[in-house]
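Structural features, examined
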Amino acid sequence: MSGTFLIYGANGYTGELITRYAVERGMKPILAGRNAIAVEALAKKHQLDFRVFPLDENTAIDNALRNVDAVMHCAGPFSLTSRPMVEACLRNKKHYTDITGEIAVFEAMARLDGRAKESGVMVMPGVGFDVVPSDCLARNLKDRLPDANRLSLAFYGMGRLSHGTQATMTMNVGQGGAIRKDGKITRVPAAWKTREIDFGEVKKTGVTIPWGDVATAYYSTGIPNIEVYTVVPASNLKMLKASRYLGWLMATKPFQKYLQKQIPPGGPSDEERAKGKTMLWGAAEDVNGNRVEARMTAPEGYTTTALTALNIMQKILDGNFQPGFQTPAKAYGADLILEIPGVGREPA
Ligand SMILES: NC(=O)c1ccc[n+]([C@@H]2O[C@H](COP(=O)([O-])OP(=O)(O)OC[C@H]3O[C@@H](n4cnc5c(N)ncnc54)[C@H](OP(=O)(O)O)[C@@H]3O)[C@@H](O)[C@H]2O)c1
C-alpha cells in the first residue's frame with residue numbers, strides 16, 4: 001500500500017482540524033474540496049498536495065482518487081454529499097470513511113455492503129465522535145450481555161457546535177425523532193422520551209434524539225431495540241418539543257434558507273476544545289431482566305472526532321480493514337476507543 005489518503009472538505013472546520021492532527025502525526029493526506037482558494041491555501045500552509053473538484057463531476061472525482069488508497073470525507077451534510085464520493089470509491093476500489101452522524105446515510109451505506117465486498121474495500125461512515133465512542137460502548141455492553149435485546153445510549157457535553165454540525169442539525173429539523181424497534185428504524189416524535197441518566201460525575205435529564213447509533217449499534221451488536229439520549233438545556237428541550245408542531249414550517253425552503261444563514265462559521269477554539277470533555281453512558285438488558293451498564297469519558301467531541309478518524313485511517317493504510325460496510329466497533333472491537341488518550345471506561 002502506498003499509504004495515501006484524501007481528505008475531502010479539508011477547508012471546513014472539522015476537515016481543517018483533522019488535517020492539522022494528521023500533519024502532527026507525520027501523515028501526508030492529499031487535501032481536497034470545491035473551494036480552490038481555501039483548499040490551496042490550507043495545502044500550502046501544511047505543505048501538502050491538493051485537488052480541487054466539485055462532487056457533481058464523476059470524471060474529476062475519479063482523477064482525484066487515482067493515487068490514493070482511501071478517502072476521509074469531511075464535507076457534510078452527508079445526506080447531500082456522501083453518495084457521489086462513496087460511488088467513486090466503489091468504482092475506483094478505494095476505502096471510504098466519513099464523519100457523518102445521519103441515520104439515513106448510515107442506512108444507505110449499509111445497503112452498499114455487497115458492492116463494497118465485491119470491490120474489496122471497506123465502507124465505514126461515522127468515524128468521528130458520532131459514532132466511535134458510543135459504538136464501542138454498545139459493543140462492550142453486548143460482549144458482556146450476549147443475549148441483550150434492548151440498548152440505551154446517552155452522551156453529554158458536546159460543548160459549542162461547529163458550523164457544519166449546526167447546518168446538518170438544522171437541515172434535519174422537522175423530521176422528528178427515531179429509535180430502533182424490533183430491528184427497524186422507527187420514527188417517533190421529536191424529544192419523544194426523557195429519563196434521568198447517571199453519567200457518574202453528574203446526573204442529568206436525557207432526551208431521545210435521532211443519533212447515528214440508532215442505525216449503527218444494530219450492525220455492531222445485533223440488538224434490535226435501541227434508544228439514544230442526549231442532554232440539552234431546558235430551553236432547547238422546549239424548542240425540540242415545539243418542533244413536533246412547527247417542524248414542517250422550519251423545514252420549508254425559505255425558513256431553511258433563513259435558519260442556515262444565521263449559523264456562524266467555524267467551531268470551538270483550541271482552548272475550548274482543550275477544556276471540553278464528553279461523557280457517555282449505556283445500558284443493555286435481556287428479556288430475563290439481566291442488565292449491564294457502562295460509562296465512559298472522552299475528550300471534547302471535535303477532538304475525539306479528529307483522533308478516532310485518524311486512528312481508523314491509519315489502520316486502513318496499514319492494511320487492517322474488513323471489506324464491506326462496517327461500523328467502527330464491528331471492525332475493530334469495543335476497545336478501539338481506549339486507544340484515544342484521555343478515554344476512560346467504567347467498568348474497564
Ligand atoms: N460524526 C461526528 O462526530 C462529526 C464531527 C464533526 C463534524 N461532523 C459533520 O461533518 C460535517 C462537516 O462539519 P464542519 O463543521 O466541519 O462543517 P463546515 O465547517 O461547515 O465545513 C463544511 C465543508 O464541507 C464542504 N461542503 C459542504 N457542502 C458541500 C458540497 N455540496 N459539495 C462539496 N463540498 C461541500 C464545505 O465546502 P465549502 O467551503 O466550499 O462550502 C466545507 O469544506 C457536518 O455534516 C457535521 O455534522 C460530524
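One structure accompanies this document, and this report is about it. (Residues numbered from 1 in each chain as written. Predicted model: local features only at pLDDT ≥ 70, side-chain atom pairs only at ≥ 80, totals over all residues. Heavy atoms only, no water.)

**Focus on the overall build of the chain**
Check the secondary structure of the chain and you find 14 helices and 16 strands. Projected onto the principal axes, the alpha-carbon positions of the chain cover approximately 55 × 45 × 40 Å. Here the chain holds 348 residues, and the buried ones make up 53% of them. Counting only contacts in the chain whose residues sit at least 6 apart along the sequence, the fraction spanning at least 24 positions is 73%. Summed over all atoms, the accessible surface of the chain reaches about 15200 Å², with 53% contributed by carbon and sulfur. (Helix = DSSP H or I, 4+ residues; strand = E, 2+ residues; numbered from the N terminus. Buried < 20%, exposed > 50% of the residue type's maximum accessible area, 1.4 Å probe, protein only. Contact = heavy atoms within 4.5 Å. Areas by Shrake-Rupley, 256 points an atom, 1.4 Å probe, with all protein chains shown as cover.)

**Describing helix α2 (residues 36-46)**
Val 39, Leu 42, Ala 43 and His 46 are the residues of α2 that are buried. Each buried residue of α2 sits inside an arc of 100° when the element is viewed along its axis, so together they form one side. Opposite the buried face of α2, at more than 90 degrees from it, the exposed residues are Ile 37, Lys 44 and Lys 45. Once α2 ends, the next one or two residues include Gln 47, with phi positive near 55°. (Arc of directions from axis to C-beta.)

**Re the site of the ligand**
As a matter of local geometry, the ligand sits amid 27 residues, with Thr 14, Ile 99, Ser 162, His 163 and Thr 168 nearest to it. Residue Thr 100 places a main-chain N or O atom 3.5 Å away from a nitrogen atom belonging to the ligand. Contacts to the ligand include Ser 162, whose side-chain N or O atom sits 2.4 Å from an oxygen atom. Protein chains bury 83% of the 930 Å² of accessible surface belonging to the ligand in isolation. Its residues assigned to classes, the shell around the ligand comprises 10 nonpolar, 15 polar and 2 charged. (Near = heavy atom within 4 Å. Polar contact = N/O pair within 3.5 Å; in protein donor to acceptor, adjacent residues only side chain to side chain. Nonpolar A, V, L, I, M, F, W, Y, C, P; charged D, E, K, R; others polar.)

**Observations concerning the environment of Met 27**
Note that Met 27 resides in the loop between α1 (13-24) and β2 (30-33). Expressed as a C-alpha distance, the spacing of Met 27 and Gln 314, which sit 287 residues apart in the sequence, is 8.8 Å. Leave out the neighbours within four places in its chain, and Met 27 touches Phe 5, Ala 22, Leu 310, Met 313, Gln 314 and Leu 317.

**Re the sheet that holds strand β6 (residues 122-124)**
Ordered in space as β3-β2-β1-β4-β5-β6-β15, the 7 strands form an open sheet in which the pairing is parallel. If you trace the sheet from one side to the other, it starts and ends with β3 (50-52) and β15 (324-325), each paired once. Looking at chain direction, β2 and β3 are connected through 3 bridges and run parallel. Looking at the pairing, Leu 31 lines up with Phe 50 of β3. The strands that helix α13 (residues 301-317) touches are β1 (5-8), β4 (70-73), β5 (95-98) and β6; relative to β4, the one it contacts most, it runs at about 170°. (Pairing = 2+ DSSP bridges. Axes fitted to C-alpha atoms, helices over the stretch in contact; angles between N-to-C directions.)

**Focus on the packing of helix α5 (residues 103-110) against helix α9 (residues 213-221)**
For the pair α5 and α9, interaxial distance at closest approach is 8 Å and the crossing angle is 35°. Between α5, through Ile 103, Phe 106, Glu 107 and Ala 110, and α9, the contact on the second element is made entirely by Val 214, Ala 215, Thr 216 and Tyr 219. Looking at the contact of α5 with α9 residue by residue, the classes come out as 6 nonpolar, 1 polar and 1 charged.

**Notes on the packing of helix α3 (residues 58-65) against helix α4 (residues 78-92)**
It is the contact of α3 with α4, at a shortest axis distance of 10 Å, that shows an interaxial angle of 55°. As summarised for this structure, α3 and α4 are arranged oblique, according to the angle between their axes. Judged by the sense of rotation from one axis to the other, the crossing of α3 with α4 is right-handed. Together, Asn 58, Ile 61, Asp 62 and Leu 65 of α3 and Pro 84, Met 85, Ala 88, Cys 89, Arg 91 and Asn 92 of α4 make up the contact between the two elements. Its residues placed into classes, the contact of α3 with α4 shows 6 nonpolar, 2 polar and 2 charged. (Parallel < 35°, antiparallel > 145°, perpendicular 65-115°, else oblique. Left-handed = near helix turned anticlockwise from the far one by under 90°.)

**Here we look at the pairing of strand β11 (residues 203-208)**
Bridging between strand β10 (residues 194-198) and β11 involves 5 bridges; their strand directions are antiparallel. Its bridge partner lying in β11, Glu 196 is registered against Thr 205. In this antiparallel pair of consecutive strands, β10 and β11, the connection spans 4 residues, and Gly 200 shows a positive phi of 100°. Direction of pairing for β11 relative to strand β12 (residues 225-230): antiparallel, over a ladder of 2 bridges. Across the sheet, the residue bridging to Thr 208 is Tyr 229, located in β12.

**What to know about the packing of aromatic side chains**
Using the criterion set out here, one finds 9 aromatic pairs in the structure. Residues Tyr 156 and Phe 199 carry aromatic rings whose centres are separated by 5.6 Å and whose planes lie at 35° to one another, so their mutual orientation is tilted. With Tyr 156 in strand β7 (residues 150-156) and Phe 199 in the loop between β10 and β11, this residue pair connects regions lying 43 residues apart in the sequence. In this structure Tyr 156 comes out as partly exposed when scored by relative accessible area, which is 23%. (Phe/Tyr/Trp six-rings, centres within 6.5 Å; stacked < 30°, edge-to-face > 60°.)

Interpretation in functional terms is not warranted from these geometric data alone.
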